[in-house]
There are 2 protein chains.
Amino acid sequence: MARVVVDVMPKPEILDPQGQAVARALPRLGFSGVGEVRQGRHFELDVDDTVDDETLAKIAEGFLANPVIEQWTIRRVDA
Amino acid sequence: MARVVVDVMPKPEILDPQGQAVARALPRLGFSGVGEVRQGRHFELDVDDTVDDETLAKIAEGFLANPVIEQWTIRRVDA
């Protein structure tokens, strides 16, 4: 088994109200020095060694992300 | 400015219905070989160089994650 991480983020041109809410709240809460905050989703998949990168790309594009408004990265990590 | 990534995941003992839904759907959709899937949140923060690791830890624990049910990792990456 291998561990695969897929990070899905709103595209840069897409508004991110959740991230903006965090960014606006931090100064109020006493934390300065944080500029932009963007929030996305983080997936961890345990996959058999037989699952190739092409299959992972299809899974990410088709089922984990919305390609119209999101971008994503796929990386294999040590389990 | 530095880029900081915070990944927030449900603790291992916490059920993750969203991840389970993905894991159960994949075989139906023709993708075999994927075992467990867990879903969390991925934050990207642009922070001034004056923001130290202790401050980042407080922000993550207090405002990005729910320490009762979630665990998180903080890492600095190249912007």
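Described below are features of the structure shown in this document. (Residues numbered from 1 in each chain as written. Chains lettered and ligands numbered in written order. Predicted model: local features only at pLDDT ≥ 70, side-chain atom pairs only at ≥ 80, totals over all residues. Heavy atoms only, no water.)

**What about the overall build of chain A?**
Here is the rule: Put simply, DSSP H or I for four residues or longer makes a helix, DSSP E for two residues or longer makes a strand, and each gets a number counted from the N terminus. Buried residues are those whose accessible area, probed at 1.4 Å on protein chains only, stays under 20% of the maximum for their type, while exposed residues exceed 50% and partly exposed ones sit between those limits. Here, residues are in contact when the closest pair of their heavy atoms is within 4.5 Å. Surface accessibility follows the Shrake-Rupley procedure with a 1.4 Å probe radius. Residue values consider only the protein chains on display as shielding. In this charge count, Lys and Arg are treated as positive and Asp and Glu as negative; neither His nor the chain ends contribute. A single reference atom marks each charge: NZ on Lys, CZ on Arg, CG on Asp, CD on Glu.
In terms of helices and strands, chain A carries 2 helices and 3 strands. Listed N to C, the secondary structure of chain A is β-α-β-α-β in terms of helices and strands. Each principal axis of the C-alpha atoms in chain A carries an extent, and together these give about 50 × 30 × 15 Å. When burial is assessed residue by residue, chain A has 42% of its 79 residues classed as buried. Long-range pairs, those at least 24 residues apart, make up 75% of the contacts in chain A with a sequence separation of at least 6. Accessible area for chain A stands at about 4,400 Å²; split by element, carbon and sulfur atoms hold 52% of it. Of the side-chain charges in chain A, 9 are positive and 14 negative, and the distance between the mean point of each set is 9 Å.

**What to know about the interface of chain A and chain B**
So the rule is basically this: We define buried area as the total accessible area lost by two parts upon association, computed with a 1.4 Å probe and summed across both. Salt bridges, as used here, are contacts in which a Lys or Arg side-chain nitrogen is within 4 Å of a carboxyl oxygen on Asp or Glu. Distance and chemistry together define a polar contact, namely a pair of N or O atoms within 3.5 Å, with one atom able to donate a hydrogen and the other to accept it when in protein, and with adjacent residues in sequence counting only for side-chain atoms on both sides. The residue classification treats Ala, Val, Leu, Ile, Met, Phe, Trp, Tyr, Cys and Pro as nonpolar and Asp, Glu, Lys and Arg as charged. All others, Gly included, are polar. Here, any two strands with at least 2 DSSP bridges between them count as paired.
Taken together, the contact between chain A and chain B spans 31 residues of the former and 31 residues of the latter. Summed over both partners, the interface of chain A with chain B comes to about 2,600 Å²; 67% of that surface belongs to carbon and sulfur atoms. Taken as a group, Phe 31, His 42 and Phe 63 of chain A account for 21% of the area that chain A buries against chain B, more than any other trio of residues on that side. For the interface between chain A and chain B, the tally reads 0 salt bridges. Applying the counting rule to chain A against chain B returns 12 residue pairs in polar contact (both at pLDDT 80 or more). No other element matches the 14 residues that strand β2 (residues 34-47) of chain A contributes to the side of chain A that touches chain B. When grouped by side-chain class, the residues that make up the side of chain A that touches chain B number 15 nonpolar, 7 polar and 9 charged. One ladder, built from 11 bridges, connects β2 of chain A with strand β2 (residues 34-47) of chain B; its direction is antiparallel. Within β2 of chain B, the position partnered with Val 34 of chain A by the bridge is Val 47 of chain B.

**Here we look at the relation of the copies chain A and chain B**
The condition that has to hold: The atoms used to superpose the copies are C-alpha atoms, taken from residues with pLDDT of at least 70 in both, and the fit is least squares.
With an RMSD of 0.0 Å, the fit of chain A onto chain B corresponds to turning through 180 degrees and sliding 0.0 Å along the axis. A rotation of that kind, with that shift, is consistent with a two-fold axis. No C-alpha of chain A approaches the rotation axis more nearly than that of Arg 41 of chain A, which lies at 2.2 Å. The share of interface residues of chain A whose copies in chain B are also at the interface is 100%, consistent with both copies meeting through the same surface.

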